[in-house]
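Now for the letters of each chain:
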Amino acid sequence: MDKPMIHALADVQTADIGEDTRVWQFVVILAGARIGAQCNICANVLIEGDVVLGDRVTVKSGVQLWDGLRVADDVFIGPNATFANDLYPRSRQRPDQFLTTTLHQGASVGAGAVILPGIDIGARAIVGAGAVVTRSVPPNAIVVGNPARIVGYVDTNKEASGDAASTPASKGVTPTRVKGVTVHHMPQVADIRGSLTVGEFGRSIPFDAKRYFMVYGVPSMETRGEHAHKACHQFLICVGGSCSVVADDGVNREEFELTGPHMGIHLPPMVWGIQYKYSKDAVLLVFASEYYDSADYIRDYSEFLKAVAP
């Protein structure tokens, strides 16, 4: 068994450091910290005692990891990233237990990013350099800015996205790389009196609807959806403004831009759906094949992946 490669360290005798982990110069690791195998802890890093790092974690120079931080396997933390663990730093009172901040498997935090206390950074999510993260980040999301907002999702194919206004209605139904998801181009009739588009349940809309709901007045930084259904089909039409829809079957992930009432997307059961990038005037109309049932929802992405795994 290869021992950790330690160049300069305090309290190494009482810290738990896995094999093949490299710890470079001017690093301080306090008693009680747990660091997994094959990690790379770069120069000028401080790791407090109530910190847990998984395997193959990289912590670049100038980072302080404070009590309450939990870091899963294969996480990357860029130089000078900052993790806060005290909501009221000017208060004379100190909490008995600091809020837990969690970086899930494969997440990446860019240089100089700031993560507030009690935040979850989802699996494989990317926090851009200099971002200020004030709310939890969903799995696979890419966030940037201050405050951080979602601007995309990793490994998302956008080739199937289309502008409804430039797509002929004759194109009809277009299959996608995501299992069971189809894009529908509704017929349009336009003349001097205005425009009309129509869909028929069981025909152009591939199920009979029992329910509809509308989403509107969404601030552009907000993300909706982030769930899958066990049995319910959904058909989404942006009847005003525009928004983007991400569909994910656990293997393939695609993003679609809905830009008019003559374009819809069918999300069948067991597809993870996300809606974001709402324009200020966006109105999203959703037809559902089932009545509302909270038990039909899968809201945790890791549970969804387990459910769709072969």
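Residues numbered from 1 in each chain as written. Predicted model: local features only at pLDDT ≥ 70, side-chain atom pairs only at ≥ 80, totals over all residues. Heavy atoms only, no water.

Engineer: Honestly, the pairing of strand β30 (residues 253-258) in this entry has me stumped. Any pointers?
Structural biologist: The side chains of a regular strand alternate, residue by residue, between the two faces of the sheet. For β30, a buried count of 5 out of 6 residues is recorded, marking the element as mostly surrounded by other parts of the structure. Bridging between strand β29 (residues 243-248) and β30 involves 6 bridges; their strand directions are antiparallel. Opposite V246, over in β30, you have E255 as the bridge partner. Linking two consecutive strands that pair antiparallel, namely β29 and β30, is a turn of 4 residues; a positive phi of about 95 degrees is found at G250 within it. (Buried < 20%, exposed > 50% of the residue type's maximum accessible area, 1.4 Å probe, protein only. Helix = DSSP H or I, 4+ residues; strand = E, 2+ residues; numbered from the N terminus. Pairing = 2+ DSSP bridges.)

Engineer: Would you take a moment to explain the packing of aromatic side chains for this structure?
Structural biologist: One pass over the full model with this rule turns up 6 aromatic pairs. Between F201 and F287, the aromatic rings sit 5.0 Å apart at their centres with planes inclined by 85 degrees, giving edge-to-face as the arrangement. Remark: F287 occurs in strand β33 (residues 283-288) and F201 occurs in the loop between β25 (194-197) and β26 (211-216); sequence separation between them is 86 residues. For F287, a relative accessible area of 15% gives the class buried. (Phe/Tyr/Trp six-rings, centres within 6.5 Å; stacked < 30°, edge-to-face > 60°.)

Engineer: What is the right way to read the pattern of salt bridges from this model?
Structural biologist: Opposite charge on two side chains permits them to pair, given that their charged atoms come into close proximity. What the rule picks out here adds up to 8 salt bridges. In this structure, D50 engages R70 in a salt bridge whose closest nitrogen and oxygen atoms are separated by 2.8 Å. You can see D50 sitting in the loop between β7 (46-47) and β8 (52-53) and its partner R70 sitting in strand β11 (residues 69-71), a full 20 residues away along the chain. Under the relative-accessibility criterion, R70 is labelled partly exposed at 26%. The residue E290 makes a salt bridge to K210 at a minimum N-O spacing of 3.8 Å. Linking E290 in the loop between β33 and β34 (297-298) with K210 in the loop between β25 and β26, this pair joins segments that are 80 residues apart in sequence. A network of salt bridges, in which partner residues are shared, links R56, D73 and D74. (Salt bridge = Lys/Arg side-chain N within 4 Å of Asp/Glu carboxyl O.)

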